[in-house]
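# Structure assessment
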Amino acid sequence: MLQKIIRSAVIDAPIARVWSVLRDFNSHDQWHDAVAHSRIEAGLRSDQVGCIRSFALKDGHRIREQLLNLDDRQYKSSYCIVEASLPLQRYVATITLKPVTDGERTFWHWESSFATPPGRERELRLAVAEGVYEAGFACLRRYLARGADLHSPGPSAIGSASLPAALPLPNRQIVLRGHGAADELVAAAGQAAAPGPGQVRIQQRAIGVNFFDIYLRRGAMPALLAPGGTPGMEAAGTVLDVGPDVAGLLPGDRVAYIGPLPGAYCSLRTVPADWVLRLPAAVDDETAAALLLKGLTADLLLRDLGRVGPGTRLLVHAAAGGVGQLVCAWARHLGAVVMGTVSSQEKARIARAQGCAHVIVTADHRFADAVQRHCGGADLVIDGLGAVAAEENLAALARCGHWISLGQASGSPPDLALDRLTAKSLSFSRPVVFDYVANPAALAARAQRLWDALADGTLPPPVIERHPLAAAARAHQRLESRQTVGPLLLLA
Ligand SMILES: NC(=O)c1ccc[n+]([C@@H]2O[C@H](COP(=O)([O-])OP(=O)(O)OC[C@H]3O[C@@H](n4cnc5c(N)ncnc54)[C@H](OP(=O)(O)O)[C@@H]3O)[C@@H](O)[C@H]2O)c1
């Protein structure tokens, strides 16, 4: 008859910290007293599904177990015995972690089923339930407490509890082989460094894809992203561990970040704590990664540069895109007359639904006449197109209008002779979002406006296109071939 063992315990550590130990299929000889030594066979990674750990117990038994499933999103793993000197037959076990509601503790559920030779049921049930599971709970508690002591924070390091050993950890990442097309993005194994002073290491769940990542991939700024590097400027997830001199962030905190240095296309990343925001309970990881960079950009465009208010005549290009949709919705709320360009009727429908009152569908980027006819010219043009729109932007602007050149999805905009602005007393700006969130106070204030806009319905919940991290190339292909609407995410 099949035996079933179920045991559970509450561990006094945040879920990310407990998981960082348990997800490593070869860590048990460090924390479980019953295990003498363990190794992963065939040179595989210890978090790779299919890998086999071969270990010896202190009582002399030898066991080989295979990792069947590892789910970083559900904090769940399963494994089975493939060979053992103990008569545990058809043994399959599952570990599941859940956060306890205060967020600082973890509920650990451990269950298994197996068959035994007749007459040995009771002995083997006890061996598993007490000798493996209950002993394991106690051992892990001691191990985590010892680790916390070893890494005890100095007085300035508020809550700087670390992993038992602050070591580099295995990391799944996307690497740029060489500047060029999307297929230069390939999946690779790497490591995430332990956090140094002022840094945190984040278990990433959702990574924002931005058109900026495409410029870097193509080689527009080789000093920022060279071959061998990893793209990506934003992500959301959970703090795994915290280096010295970090205030206000703890392991287990749900966070998002935006930073001026690429490297976000990965499962685990160590970043400056100054880039990182704690997320409100109402904002899940995917929403945060979908909105952060684009929403902060919309905030600076409308509030700081555009000073958009009731009656502002606003023209936004790619109105159904990631930034475009947010600009439309937020500008409508502010009372602007929102006009937008898009390339298809389907995108026009989406832009309208987001608050773009007058949509111009154009394949050849001829829009100035339509804008002049509609409202006598635009007070503000938000232009992420670049090359193809430059001349028409000048023609579409009203007297004293302002042209914000935000990006260059169609290629670099031509050099602008300043005299071209004089005819209608135009102004021009070329902002980069990172400069507008360059300190934690600015970042926090802008993000708060973004979360507030989401909470009060000014911005609708984003409709997200999701891709697995390993399919980053596919996400890039879709974005640069104009097949997407709204934000794209990579899920780690
Ligand atoms: N400066 C900053 O700090 C900052 C921050 C965020 C974003 N941006 C810029 O804002 C713009 C929008 O970014 P996003 O990430 O939200 O992308 P997106 O708008 O979702 O995608 C780009 C859109 O641009 C339009 N487009 C027109 N010509 C194109 C071409 N030749 N190739 C590709 N796309 C073309 C397409 O919309 P249609 O098919 O409707 O024309 C496409 O869907 C980009 O220029 C980006 O660099 C700048």
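Nothing here was measured: the structure is a model prediction, and the numbers come from that model. (Residues numbered from 1 in each chain as written. Predicted model: local features only at pLDDT ≥ 70, side-chain atom pairs only at ≥ 80, totals over all residues. Heavy atoms only, no water.)

On to the packing of helix H5 (residues 285-305) against helix H12 (residues 440-455). Contact geometry of H5 with H12 gives a least axis separation of 9 Å together with a crossing angle of 105°. What the angle tells us is that H5 and H12 run roughly perpendicular. Of H12, the residues touching H5 (which contributes Thr287, Ala288, Leu291, Leu292, Gly295, Leu296, Asp299, Leu300, Arg303 and Asp304) are Leu443, Arg446, Ala447, Arg449, Leu450, Trp451 and Leu454. Its residues assigned to classes, the contact of H5 with H12 shows ten nonpolar, two polar and five charged. (Axes fitted to C-alpha atoms, helices over the stretch in contact; angles between N-to-C directions. Helix = DSSP H or I, 4+ residues; strand = E, 2+ residues; numbered from the N terminus. Parallel < 35°, antiparallel > 145°, perpendicular 65-115°, else oblique. Contact = heavy atoms within 4.5 Å. Nonpolar A, V, L, I, M, F, W, Y, C, P; charged D, E, K, R; others polar.)

Quick look at the site of the ligand now. Close to the ligand lie 25 residues; Tyr215, Ser343, Lys347, Gly384 and Val433 are nearest. Take Tyr215: an N or O atom from its side chain is 2.7 Å from an oxygen atom of the ligand. In the environment of the ligand, a nitrogen atom lies 2.8 Å from a nitrogen or oxygen atom belonging to the backbone of Pro431. Taking 910 Å² as the accessible area of the ligand by itself, protein coverage stands at 90%. Counting residues per element, the ones that place at least two in the shell around the ligand are helix H4 (211-218), H5, helix H6 (322-333) and helix H13 (472-480). Residues lining the shell around the ligand come from more than one domain, with at least three contributed by each of domain 2 (169-292 + 440-491) and domain 3 (310-430). (Near = heavy atom within 4 Å. Polar contact = N/O pair within 3.5 Å; in protein donor to acceptor, adjacent residues only side chain to side chain. Areas by Shrake-Rupley, 256 points an atom, 1.4 Å probe, with all protein chains shown as cover. Domains from an automatic or database assignment.)

The seven strands lie next to each other as S1-S7-S6-S5-S4-S3-S2, forming an open sheet whose pairing is antiparallel. Of all strands in the sheet, those bounded by a partner on one side alone are strand S1 (3-11) and strand S2 (35-40). Taken over all neighbouring pairs, the strand axes of this sheet differ in orientation by 20° on average, direction set aside. By the bridge criterion, five bridges tie S2 to strand S3 (residues 52-57) in an arrangement that is antiparallel. Directly across from Val35, in S3, lies its bridge partner Leu57. Its contacts with the sheet place helix H1 (residues 15-22) against S1, strand S4 (62-71), strand S5 (76-84), strand S6 (89-99) and strand S7 (106-115), and it is angled at close to 155° to S6. (Pairing = 2+ DSSP bridges.)

Within the structure shown, the criterion is met by 14 aromatic pairs. With a centroid separation of 4.8 Å and 80° between ring planes, the pair formed by Trp108 and Phe137 is classed as edge-to-face. Here Phe137 lies in helix H3 (residues 121-150) and Trp108 lies in strand S7, a separation of 29 residues in the sequence. By relative accessible area, which is 0% here, Trp108 ends up buried. Given the relative accessible area of 1%, Phe137 is considered buried. Here Phe212 and Tyr215 contribute two aromatic rings whose centre-to-centre distance is 6.3 Å and whose plane-to-plane angle is 85°, an arrangement assigned as edge-to-face. Of this pair, Phe212 and Tyr215 both sit in helix H4, three residues apart, which is roughly one turn of that helix. Cation over ring: Arg53 sits above Phe25, and NZ or CZ is 4.0 Å from the ring centre. Against the face of Tyr79 rests Arg53, its NZ or CZ located 5.0 Å from the ring centre. (Phe/Tyr/Trp six-rings, centres within 6.5 Å; stacked < 30°, edge-to-face > 60°. Buried < 20%, exposed > 50% of the residue type's maximum accessible area, 1.4 Å probe, protein only. Lys NZ or Arg CZ within 6 Å of the ring centre and 35° of its normal.)

Once that is clear, we can look at the domain arrangement of the protein. Assigned domains of the protein: these are domain 1 (3-150), domain 2 (169-292 + 440-491) and domain 3 (310-430). Between the C-alpha centres of domain 2 and domain 3 there is a distance of 28 Å. With 14 residues of domain 2 in contact, the opposing surface of domain 3 contributes 17 residues. A combined buried area of about 1,200 Å² lies between domain 2 and domain 3, and 65% of that area is made up of carbon and sulfur atoms. Summed over the shared surface of domain 2 and domain 3, the number is zero salt bridges. At the surface where domain 2 touches domain 3, the tally comes to four residue pairs in polar contact (both at pLDDT 80 or more). Those elements giving two or more residues to the side of domain 2 that touches domain 3 turn out to be H4 and H12. (Buried area = accessible area lost by both parts, 1.4 Å probe. Salt bridge = Lys/Arg side-chain N within 4 Å of Asp/Glu carboxyl O.)

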